[in-house]
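Each chain, letter by letter, is given below.
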Amino acid sequence: MNKKVLVFTETKASALRQVSLEALSLGRRLAGEGTLLAAALGSKAADYAPTLGEYGADQVLIVSDARFNEYQSDAYRHTMVRLIERTEPDVIIAGHTANMKDAAPGIAARLGYGLITDCTQVEFEGGELIYVRPIYAGKAFEKKRFTSGKMFVTIRPNNFKAEPSPADAETIPFEPGDIDLRTVVRDIVHKSTAAIDLLEANIVISGGRGVKKKEGFAPLQELAAVLGGAVGASRGACDEGYCDYGMQIGQTGKVVTPDLYIACGISGAIQHVAGISNSKVIVAINKDPEAPIFGIADYGIVGDMFEIVPLLTEEFRKRQA
Ligand code: FAD
């Protein structure tokens, strides 16, 4: 393979998103001997160039402009289109994030790129690149391929390895020019103060209706702190007002793909399972031995989460001491 690949990187809380590094590593693989370009947007864009080089970028296109510090549809679409027109890549890769879910379809349609979203795997079959993506809420996978040479792919966080592949990255400033902004972001209200993003967390501990009240999440927060994980929830817990909907995992919430998912007081409804089925190891804690969650869990603990979770926290703490 000898392709020109352009990766759109993103930041969160002034740090590069992990999925952007995963996209770069995939980009390096697909570029082969070709060129891997990374685009970084925002007033601190230049700061990210060394890291993007470490992960294989040959060239980093820097759009050093405060208008890109927060995602804004018009500004991002305008500039992504300009960057693509200027670099004419064969393959475009971005994270399957809320922002890129918004931006990618319009850009692909406008510039005549094929679009495959939410990829969890890319493989070679008979000399062809095949893109694998989940369908039917994760119950099945479909394999797709592009029929033309212009490919736009979004990848699901946590499914591709981010592997350093040092390259001597050349930085190239890019001026987006005037942007016709039809809407502007006036304010961003962050509902969650969690340090670890649920979508990118390697360990997720979730609470369901079984937490019984807001304070019921406290033992889960403690376990998450000890393990370096993030805390999520079922819709049951959100509906009861025990936590914010930003924590909801499932078909109509976030789709997580951690190495370890611990479900506490969650029955395992199909809509919840849709958001966790790609986790590497699922542990369920539920006092009902017949709870459906045990049907998909790798390890099940039948018992009261308020007894078991603190025991786990204590045990992990001891092992870390
Ligand atoms: P419950 O089903 O009430 O289960 C609570 C569990 O806690 C029980 O199994 C009980 O045995 C256990 N428990 C109670 N006390 C304890 C204790 N002390 N220790 C241990 N275990 C205990 N749901 C989602 O989660 N995410 C979605 O994205 C989502 N999208 C939906 C979309 C649609 C269109 C619809 C119709 C539904 C959706 N749902 C979603 C809702 C879903 O169907 C379930 O209602 C929901 O997942 C149930 O949440 P739960 O497991 O926390 O609650």
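What counts, and where the lines are drawn
For every chain, the first residue of its written sequence is number 1, and the numbers climb from 1 along that sequence. Per-residue local features of the predicted model are confined to residues with pLDDT of at least 70, and side-chain atom pairs are confined, for both listing and counting, to 80 or more; whole-chain, interface and lining totals are unaffected and use all residues. Water and hydrogen atoms were dropped before computing side-chain values, which therefore reflect all heavy atoms in the structure. Two strands qualify as a pair provided DSSP detects at least 2 bridges between them. Put simply, DSSP marks the helices as runs of H or I at least four residues long and the strands as runs of E at least two long, and each gets a number from the N terminus on. The angle between two axes is taken between their N-to-C directions and runs from 0 to 180 degrees, where each axis is a line fitted to C-alpha atoms and a helix contributes only its stretch in contact. Working definition: residue near molecule or strand if any one of its non-hydrogen atoms lies within 4 Å of it. In protein, a polar contact means a hydrogen-donor-capable atom and an acceptor-capable atom, both N or O and within 3.5 Å, with residues adjacent in sequence counting only if both atoms are side-chain atoms; elsewhere, any N or O pair within 3.5 Å suffices. Note on residue classes: Ala, Val, Leu, Ile, Met, Phe, Trp, Tyr, Cys and Pro are nonpolar, Asp, Glu, Lys and Arg are charged, and everything else, Gly too, is polar. We call two residues in contact when some of their heavy atoms are within 4.5 Å. What makes a nonpolar core is a set of buried Ala, Val, Leu, Ile, Met, Phe, Trp, Tyr and Cys residues whose side-chain atoms join them at distances within 4.5 Å. Throughout this description, buried means an accessible area under 20% of the type-specific maximum (1.4 Å probe, protein chains only), exposed means over 50%, and partly exposed covers the range between. For Phe, Tyr and Trp, rings pair up if their centres lie within 6.5 Å, where Trp contributes its six-membered ring, and each pair is then called stacked (planes under 30 degrees apart), edge-to-face (over 60) or tilted (otherwise). Each residue after the first adds 1.5 Å to the expected span of a helix. This arc corresponds to the set of directions leading from the helix axis out to the C-beta atoms. On a range of 0 to 100, pLDDT expresses the predictor's confidence in each residue. UniProt positions are given in the numbering used here, feature names are shortened, and annotations may be inferred rather than shown by experiment. When describing relative orientation, an angle under 35 degrees is termed roughly parallel and one over 145 degrees roughly antiparallel, while 65 to 115 degrees is termed roughly perpendicular and anything else oblique. Should the near helix be turned anticlockwise from the far one by less than a right angle, the crossing is termed left-handed; should it be turned clockwise, right-handed.

Asks: For the sheet that holds strand E9 (residues 128-135), give the residues involved together with the corresponding values.
Replies: If you walk across this open sheet you meet the three strands as E8-E9-E10, and the pairing is antiparallel. Since the sheet does not close on itself, it has two edges, and those belong to strand E8 (121-125) and strand E10 (140-144), each with one partner. Strand-to-strand twist across the sheet, computed as the mean angle between neighbouring axes with direction ignored, equals 35°.

Asks: Lay out the site of the ligand in plain terms, naming residues and giving numbers.
Replies: The full set close to the ligand counts 26 residues, and Arg209, Ser234, Thr252, Ser267 and Asn286 are the nearest of them. Between Arg209 and the ligand, the recorded distance is 2.7 Å, taken from a backbone N or O atom to an oxygen atom. Within the side chain of Thr252, one N or O atom sits 2.6 Å away from a nitrogen atom of the ligand. Here the shell around the ligand is built from residues that sort into five nonpolar, 15 polar and six charged.

Asks: Which residues make up the sheet that holds strand E12 (residues 170-173), and what values go with them?
Replies: Pairing in this open sheet of seven strands is parallel, and the strands run E7-E11-E6-E1-E4-E5-E12 from one edge to the other. Two strands close off the open sheet at either side, each with one partner strand: strand E7 (114-119) and E12. Strand-to-strand twist of the sheet, defined as the mean angle between neighbouring strand axes without regard to direction, takes the value 20°. Pairing geometry for strand E6 (residues 91-95) and strand E11 (residues 151-155), over five bridges, is parallel. Among the inter-strand pairings, Ile93 is bridged to a residue of E11, identified as Val153. Along the sheet, helix H3 (residues 73-87) makes contact with strand E1 (5-8), strand E4 (36-41), strand E5 (59-63), E6, E11 and E12, crossing E1 at roughly 165°. Sheet strands in contact with helix H4 (residues 98-111) are E6, E7 and E11, and its direction is about 170° off that of E11.

Asks: Go over the nonpolar core with me, naming the residues and quoting the values.
Replies: In this structure, Val5, Leu24, Leu30, Leu52, Ile93, Tyr131 and Ile155 are the most contacted members of the largest nonpolar core, which totals 33 residues. If one sorts the elements of this core by residue count, helix H1 (residues 18-31) sits on top with seven residues. Look past the residues within four positions of Ile93 in its chain and what remains in contact with it is Val5, Leu6, Val7, Phe8, Ala23, Leu26, Gly27, Leu30, Val153 and Ile155. If you look at the next biggest cluster of nonpolar residues, it comprises 28 residues, including Ala39, Val63, Phe68 and Tyr71.

Asks: Hey, could you go over the packing of aromatic side chains for me, with residue numbers and the actual values?
Replies: Taken as a whole, this structure holds three aromatic pairs when the rule is applied. Judged by centre distance (4.9 Å) and plane angle (45°), the ring pair of Tyr71 and Tyr76 falls under tilted. For the pair shown, Tyr71 and Tyr76 are each scored as buried. Ring geometry for Tyr131 and Phe146: centres 5.1 Å apart, planes at 80°, overall edge-to-face. Here Tyr131 is found in strand E9, whereas its partner Phe146 is found in the loop between E10 and E11, with 15 residues between them in sequence. With respect to class, Tyr131 is no different from Phe146; both count as buried. Members of the aromatic cluster, each reached through a chain of ring pairs, are Phe68, Tyr71 and Tyr76.

Asks: Before we move on, could you go through helix H9 (residues 305-320) and cite the residues and values that matter?
Replies: Between its terminal C-alpha atoms H9 stretches 22 Å, which fits the 22 Å expected from 16 residues at 1.5 Å a residue. If you check which residues of H9 are buried, you get Met305, Ile308, Val309 and Thr313. Down the axis, H9 shows its buried residues gathered within 135° of arc, on one side only. Facing away from the buried side of H9 by more than 90 degrees, the exposed set consists of Glu307, Leu311 and Lys318. For H9, the secondary structure elements touched by its buried residues are helix H5 (218-227), strand E15 (260-264), strand E16 (281-286) and strand E17 (299-302). N-capping of H9 is provided by Asp304, with a side-chain oxygen placed 2.8 Å from the backbone N of Phe306.

Asks: How would you sum up the confidence of the model for the chain? Please name residues and give values.
Replies: With 98% of its residues at a pLDDT of 70 or more, the chain shows a mean pLDDT of 94. Across the interfaces of the predicted complex, the ipTM metric reaches 0.99, alongside a pTM of 0.83.

Asks: An account of the UniProt feature "domain: Electron transfer flavoprotein alpha/beta-subunit N-terminal" (unreviewed entry) in the chain is needed here, citing residue identities and associated values.
Replies: As recorded in UniProt, the sites labelled "domain: Electron transfer flavoprotein alpha/beta-subunit N-terminal" (unreviewed entry) are residues 5-187. Across residues 5-187, helical content stands at 27% and strand content at 31%; the span's end C-alpha atoms are separated by 34 Å.

Asks: Go over the packing of H3 against H4, please, and point to the residues and values.
Replies: When two helices pack together, their arrangement is given by the angle between their axes and by how far apart the axes lie. Contact geometry of H3 with H4 gives a least axis separation of 10 Å together with a crossing angle of 45°. The pairing of H3 with H4 is recorded here as oblique in orientation. The way H3 lies across H4 gives a crossing that is right-handed. Only Met100, Asp102, Ala103, Ile107, Arg110 and Leu111 of H4 make contact with H3, whose side of the interface consists of Ser73, Tyr76, Arg77, Met80, Val81, Arg82, Ile84 and Glu85. Across the contact of H3 with H4, the residue classes break down as eight nonpolar, one polar and five charged.

Asks: Kindly report on the side chain of Ser206, identifying the contributing residues and their values.
Replies: On the secondary structure map, Ser206 appears in strand E13 (residues 203-207). Reaching out from Ser206, the side chain makes a polar contact with the side chain of Tyr261 at a distance of 2.8 Å. Once residues within four sequence positions are removed from consideration, Ser206 is found in contact with Leu220, Gly232, Ala233, Ile249, Tyr261, Ile262, Ala263, Cys264 and Ile266.

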